[in-house]
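Examining the three-dimensional arrangement
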Amino acid sequence: MLPMFFWAFVIGGLICVIGQIMFDVFKLTPGHTMSTLVVIGAILGGFGVYEPLIDFAGAGATIPITSFGNSLVNGALQEADQHGLVGVLTGMFEITSSGISAAVVFGFIGALLFKPKG
Amino acid sequence: MLKGKQSWVFPNRPVIVSSAAVGGPFEARGRLANDFDILHDDLWMGQDSYEKAHKLLLEEAIETAIQKGNATKEDVNFMLAGDLVNQITPSSFAARTLGIPYFGLFGACSTSMEGLALASFLINNQGAKTVVTAASSHNAAIEKQFRYPTEYGSQKPPTAQWTVTGAGAALLTDTDEKAGKLVTTSATIGKVVDLGISDPFNMGAAMAPAAADTIIAHFQDLQLDPAYYDLIITGDLAKIGSPIALELLQKEGLQIDSEKFKDCGLMVYQEDQKVQAGGSGAGCSAAVLYGHLFNEMRNGKYQRILLVATGALLSPLSFQQKESIPCIAHAVSIEVHP
């Protein structure tokens, strides 16, 4: 149990360090930084590297936005096995749909409770 | 009257009969709180959007300045104002409320001195009897305009600056009763300077060369020595930009005492207020000059000052397309008429 906490902290932290370096050193905008991390996660997922990382570091790998890219690709690959090319399109949101729906639902609740600023 | 390459002198000495500054809750905790005519304790200011609050700031500053000058809106020939929102709607909407013939200006944070220079020129050359000029910014409205969605809460580096919630307005006329009054005596219009900085979180460094360029042009055109002024104040160069500008000026051989070289962005907040490098925004130099500095001049602390308002002429789109940030600075000299 304890080693898992440790590696979750280290791997999750390292992904954040990469984001911070992109932000501070390479002067990427927050939007560019975020989408680049999604793409990196998707590529790692495509090569089958991200799932072992999740097994190793748990929430340290699933919480950062890179996990979203991994889920997009995994969903597409799974559906592609069953339905071919159309599966690539339908599968992308298969695994990620809960996350996207949660963003919509909680965003809505947040907007009801608070006065949006942005 | 044109003097030198890019400066005007105003031999008729337009009189600043009154001025006003309005601020928000963060400014109320700042160093210059006593110099604001109106301070709001809520960023919404009783409005249902920050843009409406932004407009209210400007309306209140102009109405207060007109009132303090014992004038009415009908007496004012022209209003010159600008801000940082797309299509400068707070200024134009305020002009709709006030019903004064209106010039909308955009010079980013240099708008305050663009307005004061043009207002002085109009009065000096009998183009108007009474003119009101103003500039304003609202922290939340401008953050929304220029930054990534504010709720995202992305960190700002220490070089970033804090947009001032404030408005400043000045009322100028061509009266002959000048003794002891504040008058504008000259102005230098800056050219756009771009040394290739493309980081919107480091505006101070981007604007410093523009400020130096305008100050050098001012002293060349007017054949003056920097010692002529009690103070030379830049708009919003803040902690990073101000020392850069001073160094550039000293390299060009202008001997300016660092005690006499100030910056509105460094004057407006307390040390313990977390504003990274300092204040900024079109309302920064306007509120500091038309509130604090004019009060100091009226109290006899300064006789002659040169205010150099600096502006970064970027758009939210231009920096995302990786364009560098073109900058500008305009200078106006204000004196106490003997």
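Residue positions are counted from 1 within each chain, in the order its sequence is given. Chain labels run from A onward and ligand labels from 1 onward, assigned in the order the entries are written. pLDDT decides what is reported in this predicted model: residues at 70 or higher carry local features, side-chain atom pairs at 80 or more are listed and counted, and totals for whole chains, interfaces and linings draw on all residues regardless. Hydrogen atoms and water are omitted, and side-chain values are computed over all heavy atoms in the structure.

An unreviewed UniProt entry annotates chain A as Stage V sporulation protein AE of Mesobacillus maritimus.

1. Comments concerning the overall build of chain B
Heads up, the condition is: Runs of E in the DSSP output that reach at least two residues are strands. Runs of H or I that reach at least four are helices, and both are numbered from the N terminus. We compute the radius of gyration from the C-alpha atoms alone; for a globule the expected value is 2.2 Å times N to the 0.38, where N is the number of residues. Burial classes: relative accessible area under 20% of the type maximum marks a residue as buried, over 50% as exposed, and values in between as partly exposed (1.4 Å probe, protein chains only). Residue contacts are defined here by distance: any two heavy atoms, one from each residue, within 4.5 Å place the two residues in contact. In this description, accessible areas are obtained by the Shrake-Rupley approach with a 1.4 Å probe, and a residue is regarded as covered only by the protein chains that are shown. Under the counting rule used here, the positive set is Lys and Arg, the negative set is Asp and Glu, and His together with the chain ends is not counted. By convention, the point assigned to a charge is CZ for Arg, NZ for Lys, CD for Glu and CG for Asp.
Within chain B, the secondary structure is distributed over 10 helices and 15 strands. The C-alpha atoms of chain B give 18 Å as radius of gyration, which agrees with the globular expectation for 338 residues (20 Å, within 12%). Considered along the principal axes of its C-alpha atoms, chain B spans approximately 55 × 50 × 35 Å. Split into buried and exposed, the 338 residues of chain B put 61% on the buried side. A fraction of 78% describes how many contacts in chain B between residues 6 or more apart in sequence connect residues 24 or more apart. Counting only carbon and sulfur atoms, one obtains 51% of the accessible surface of chain B, whose full area is about 13100 Å². Averaging the coordinates of the 26 positive side-chain charges in chain B and doing the same for the 36 negative ones gives two points 1 Å apart.

2. Here's the deal with the side chain of Gln145(B)
Residues and elements named next belong to chain B. What counts is decided by this rule: Each polar contact in these results corresponds to two N or O atoms within 3.5 Å; when the atoms are within protein, one needs to be able to donate a hydrogen and the other to accept it, and residues that are neighboring in sequence are counted only if both atoms are side-chain atoms.
In this structure, Gln-145 sits in helix 5 (residues 139–146). Gln-145 gets classed as buried once you look at its relative accessible area, which sits at 17%. Polar contacts involving the side chain of Gln-145 include one to the main-chain amide nitrogen of Asn-86, which spans 2.9 Å. Non-local contacts of Gln-145, meaning those with residues more than four positions away in its chain, are made with Leu-84, Val-85, Asn-86 and Pro-316.

3. Looking at the UniProt feature "transmembrane region" (unreviewed entry) in chain A
Residue and element names in this part refer to chain A. What counts here: UniProt positions are given in the numbering used here, feature names are shortened, and annotations may be inferred rather than shown by experiment.
As annotated in UniProt, the feature "transmembrane region" (unreviewed entry) corresponds to residues 6–26, 33–50 and 95–114 in the numbering used here. Here residues 6–26 is 90% helix and 0% strand, with 29 Å between the C-alpha atoms at its ends. With 95% helix and 0% strand, residues 95–114 has its two end C-alpha atoms placed 30 Å apart.

4. Some remarks on helix 3 (residues 89–98) of chain B
Residue and element names in this part refer to chain B. To keep things clear, this is the line we draw: Here the arc refers to the directions that run from the helix axis out to each C-beta atom.
Three or more residues of helix 3 are buried, namely Pro-90, Ser-91, Ala-94, Ala-95 and Leu-98. Down the axis of helix 3, the buried side of the element spans an arc of 135°, and every buried residue falls inside it. Residues of helix 3 that are buried sit in contact with helix 2 (50–68), strand 5 (78–82) and strand 6 (102–104). Looking one or two residues beyond helix 3, the residue adopting positive phi is Gly-99, at roughly 70°.

5. What about the nonpolar core?
In a soluble, globular protein the nonpolar side chains are often hidden away together inside. We count it as follows: What is meant by a nonpolar core is a set of buried Ala, Val, Leu, Ile, Met, Phe, Trp, Tyr and Cys residues, joined one to another through side-chain atoms within 4.5 Å.
The biggest cluster of nonpolar side chains holds 82 residues, and the ones touching the most others in it are Ile232(B), Leu289(B), Leu293(B), Ile305(B) and Ile334(B). Residues within four places of Leu293(B) in sequence aside, it is in contact with Leu231(B), Ile233(B), Met267(B), Val288(B), Tyr302(B), Ile305(B) and Leu307(B).

6. What about helix 5 of chain B?
All names here are of chain B. Burial runs high along helix 5: seven of the eight residues are buried. All buried positions along helix 5 are accounted for by Asn-139, Ala-140, Ala-141, Ile-142, Glu-143, Gln-145 and Phe-146. Among the structural elements, helix 2, strand 7 (130–137), strand 8 (162–163) and helix 10 (316–320) are those in contact with the buried residues of helix 5.

7. Let's talk about the environment of Leu122(B)
All names here are of chain B. Tracing the backbone through its elements, the reader meets Leu-122 in helix 4 (residues 111–124). It is 34 Å that separates the C-alpha atoms of Leu-122 and Pro-200, two residues lying 78 residues apart in sequence. Discounting residues that sit within four places of it in the chain, Leu-122 has contacts with Phe-78, Leu-80, Phe-103, Gly-127, Ala-128 and Val-131.

8. Focus on the interface of chain B and chain A
Cut-off, in case you're wondering: Each of two parts loses accessible area, computed with a 1.4 Å probe, when they are put together; buried area is these two losses added. In the sections that follow, a salt bridge refers to a side-chain nitrogen of Lys or Arg positioned within 4 Å of a carboxyl oxygen of Asp or Glu. Polar here means any residue other than Ala, Val, Leu, Ile, Met, Phe, Trp, Tyr, Cys and Pro, which are nonpolar, and Asp, Glu, Lys and Arg, which are charged; Gly is therefore polar.
Between chain B and chain A, the contact holds 15 residues from the first and 12 residues from the second. The junction of chain B with chain A conceals about 1200 Å² of combined surface from both sides, 60% of it contributed by carbon and sulfur atoms. Along the contact surface separating chain B from chain A lie one salt bridge. The shortest N-O distance in the salt bridge between Lys27(A) and Asp199(B) comes to 3.6 Å. Counting across the chain B and chain A interface gives zero residue pairs in polar contact (both at pLDDT 80 or more). Here the side of chain B that touches chain A is composed, by residue class, of five nonpolar, five polar and five charged.

9. A look at unusual backbone geometry
All names here are of chain B. Its identity is not glycine, yet Met-45 carries a phi of approximately 55°, on the positive side. The class of Met-45 is buried, set by a relative accessible area of 8%. The residue Gln-223 is not glycine, and still its phi comes out positive at about 50°. With respect to the element layout, Gln-223 can be found in the loop between helix 6 (203–222) and strand 11 (231–234).

10. A look at the pairing of strand 9 (residues 166–173) of chain B
Residue and element names in this part refer to chain B. Operational definition: Strand pairing requires that DSSP identify at least two bridges connecting the strands.
Along strand 9, eight of the eight residues are buried, which leaves the element largely enclosed by surrounding structure. Alternating residues of strand 9 divide into Gly-166, Gly-168, Ala-170 and Leu-172 and Ala-167, Ala-169, Leu-171 and Thr-173, and every residue in both groups is buried. Direction of pairing for strand 3 (residues 15–23) relative to strand 9: antiparallel, over a ladder of eight bridges. Opposite Ile-16, over in strand 9, you have Leu-172 as the bridge partner. Note that strand 7 and strand 9 share eight bridges and pair antiparallel.

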